[in-house]
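Notes for the structure review
Here is how the chains run, residue by residue.
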Amino acid sequence: MSELTFEQMLEESLKTIHAGEVVEGTVIDVKPEEIILNIGYKSDGILTKNEYTNDSSVDLTTVAKVGDTMEVKVLKVNDGEGQVLLTYKRLAADRGNKRIEEAFNNHEVLKATVSQVLDGGLSVIVDEVRIFIPASLVSDTYEKDLTKYAGQEIEFVISEYNPKRRRYIGDRKQLIVAKKAELQKELFEKIKEGDIVEGVVKNVTDFGAFIDLADCILLCSILPGVSIIEFQRQCDLIAVDLFDQDFQLIANLEYLLGMLNSAPGHLGNVKQSVCS
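Being a predicted model, the structure only gives us computed values, none of them experimental. Chains are numbered independently. Their residues run from 1 in the order of the written sequence. In keeping with the model being predicted, local features are shown solely for residues with a pLDDT of at least 70 and side-chain atom pairs are shown and tallied solely at 80 or more, while totals for entire chains, interfaces and linings include all residues. Only hydrogens and water are set aside; all other atoms, that is, all heavy atoms of the structure, feed into the side-chain values.

As for the overall build of the protein
Selection rule: Labels follow the DSSP assignment, with helices taken as runs of H or I lasting at least four residues and strands as runs of E lasting at least two, numbered in each case from the N terminus. In this scheme, a residue with accessible area under 20% of its type's maximum is buried, one over 50% is exposed, and one in between is partly exposed, where area comes from a 1.4 Å probe on protein chains only. In this description, contact between two residues means that some pair of their heavy atoms is separated by no more than 4.5 Å. All accessible areas in this document rest on Shrake-Rupley with a 1.4 Å probe, and a residue is counted as covered only by the protein chains that are shown.
In terms of regular secondary structure, the protein is built from five helices and 16 strands. Here the protein, with 276 residues, has 38% of them falling under the buried criterion. Once local pairs closer than 6 in sequence are excluded, the contacts in the protein between residues at least 24 apart make up 56%. About 16500 Å² of surface is accessible on the protein, with carbon and sulfur atoms providing 48% of the total.

Digging into the pairing of strand β5 (residues 84-87)
Quick note on the threshold: For two strands to be treated as a pair, DSSP must find at least two bridges joining them.
Residues Val84 and Leu86 point to one face of β5 and Leu85 and Thr87 to the other, with burial holding for every one of them. In this sheet, β5 lies alongside strand β3 (residues 45-48) in parallel orientation, the contact comprising two bridges. The residue bridging isoleucine 46 from the neighbouring strand is leucine 85, located in β5. The sheet contact formed by strand β4 (residues 69-76) and β5 spans three bridges and is antiparallel. Directly across from valine 74, in β5, lies its bridge partner leucine 86.

Topic: the nonpolar core
Spelled out, the test is: We call a set of buried Ala, Val, Leu, Ile, Met, Phe, Trp, Tyr and Cys residues a nonpolar core when their side-chain atoms join them within 4.5 Å.
If you look at the biggest cluster of nonpolar residues, it comprises 21 residues, and the most contacted ones within it are Ile100, Leu122, Val124, Ile131, Ile133, Ile154 and Phe156. Of all the elements in the fold, those that place two or more residues in this core are α2 (89-105), β6 (110-118), β7 (121-126), β8 (129-134), β9 (153-162) and β10 (167-171). Sequence-distant contacts of leucine 122, that is, excluding residues within four places in its chain, are made with Val114, Gln116, Val117, Ile131, Phe132, Ile133, Val138, Leu146, Tyr149 and Ile154. Ranked by size, the runner-up nonpolar core spans 18 residues in total, among them Ile35, Leu60, Ala64 and Val72.

What about α2?
Applied cut-off: Each residue after the first adds 1.5 Å to the expected span of a helix.
In this model α2 runs 23 Å from its N-terminal to its C-terminal C-alpha over 17 residues, within 8% of the 24 Å that 1.5 Å per residue would give. Every buried residue of α2 is listed here: Lys89, Leu91, Ala92, Ala93, Gly96, Asn97, Ile100 and Ala103. Looking one or two residues past α2, histidine 107 carries a phi angle of roughly 55 degrees, positive in sign.

With respect to unusual backbone geometry
Phi at aspartate 127 takes a positive value of approximately 50 degrees, unusual for a residue other than glycine. Secondary-structure assignment places aspartate 127 in the loop between β7 and β8. The exposure class of aspartate 127 is partly exposed, given its relative accessible area of 41%. If you check the backbone angles, arginine 166 has positive phi at about 55 degrees while not being a glycine. In this structure, arginine 166 sits in the loop between β9 and β10. According to the relative accessible area criterion, arginine 166 is exposed, its value standing at 72%.

Description of the sheet that holds β3
Using the following cut-off: Lines fitted to the C-alpha atoms define the axes, with helices restricted to the stretch that makes contact. Angles between their N-to-C directions range from 0 to 180 degrees.
The sheet built from five strands closes into a barrel, its strands ordered β1-β2-β3-β5-β4 with mixed pairing. Here the average twist between neighbouring strands, direction ignored, is 50 degrees. When strand β1 (residues 22-31) meets strand β2 (residues 34-38), the two strands line up antiparallel, connected through five bridges. When the sheet's bridge partners are listed, threonine 26 is paired in β2 with asparagine 38. Packed on one face of the sheet, α2 meets β1, β4 and β5 and runs near 100 degrees to β4.

Description of helix α3 (residues 173-190)
Put simply, the rule is: Here the arc refers to the set of directions running from the helix axis out to each C-beta atom.
The first and last C-alpha atoms of α3 sit 26 Å apart over 18 residues, in line with the 26 Å expected at 1.5 Å per residue. Those residues of α3 not exposed but buried are Ile176, Leu187 and Phe188. Buried residues in α3, looked at end-on, bunch into an arc of 115 degrees, giving them a common side. Exposed side chains of α3 directed beyond 90 degrees from the buried face belong to Lys185 and Glu189.

Here's the deal with the layout of surface pockets
Filter applied, for reference: The pocket and cavity definitions rest on a 1 Å grid over protein atoms only: a 1.4 Å probe that fits but cannot leave marks a cavity, an open set with protein on both sides within 12 Å along at least five of seven lines marks a pocket, and residues lining either have an atom within 4 Å of a point. Grid points are joined across faces, edges and corners, and a volume is the space filled by probe spheres set on the points. In this classification, Asp, Glu, Lys and Arg are treated as charged, Ala, Val, Leu, Ile, Met, Phe, Trp, Tyr, Cys and Pro as nonpolar, and every other residue, Gly included, as polar.
In this structure, the largest pocket occupies an estimated 450 Å³ of space. Lining the largest pocket are 20 residues, and of these Ala93, Glu128, Val129, Arg166 and Tyr168 lie nearest its centre. Those elements that place two or more of their residues in the lining of the largest pocket are β4, α2, β6, β8 and β10. Considering each element in turn, the lining of the largest pocket owes the most residues, five residues, to α2. Grouping the amino acids of the lining of the largest pocket by side-chain chemistry returns eight nonpolar, four polar and eight charged.

Below is the structure:
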C-alpha cells in the first residue's frame, strides 16, 4: 500500500460538508459587504451581508473581527467559484422562530427597535424574524402618522404566529390598554368621595371636554349657558369631586361650583363626567 502524499493526507483530514449543515467557522477576513471564514474545509466560506442580516444599513466590519468564531449554515458547497456560500441570518431565523413561538405561547412581552415604518403599520426584527405590527395595534387610539416610531424601541406581544406562512403579528395596543387599566385601578384605590384632584384638559368639543386624570380620560358635559370658547379660554387644569360607583369613575361637580367659581384660573362650569 503506497503512502499518501501530504496533499492527500491534508485533503482527507478536511471534513465533508453538505448544504443545510450547521458548521462553526473562524473569521479570517472582514469587509463591509462580506465575511470570510475558515470552516475546516478545502475552501473558505463566504458570508455576504445579505445572508448575515435583514438590516441593509449594517457594516460587517462593525459586527465581526478576525479571530471571531461563529456558527453558520451551509447554503451551497460550491457557489460556482469554488467557495462555500454560508448564511447566518437563516440559522438565526430558525432559532428565532422557536424564540417567537415560545413568546407567543407564554404571552411574553418582547422589546425591539422599529426598523421600518410602513403604510399599514410598523416592522420590527427579533432574532432575524421580521414581525409586523398593524397600525390598528400600535396604540389604543388612532394614529395617522407613525413616523415618530422610527428607530424607537417598543414593547409588544405576539398575537399571531404562523411560521408556515411566515406571518408574525405583534400587538402593542393590548399592553397600553392593560397599563391604563392598572393605572385606573391604582387611582380607584387612592381616591374617595369628596377628594379634589387636578386633571389636564385634553380636548374640547361641542358637547363637553375630555380631561386626563392619571391617564383616565373623563368626559365632562358643560352646564347650560356656558360656551365652549369660554370653557377653553378659562381652563387648563380642572378640579373634580370624585367617587367610585361600580368600578366606573364618576364626577359630580355641582358640589364644587361655588368653590371653583371663586378660585381664579379654575373653572367650575362642568356638571357630570364618566371615564371612557
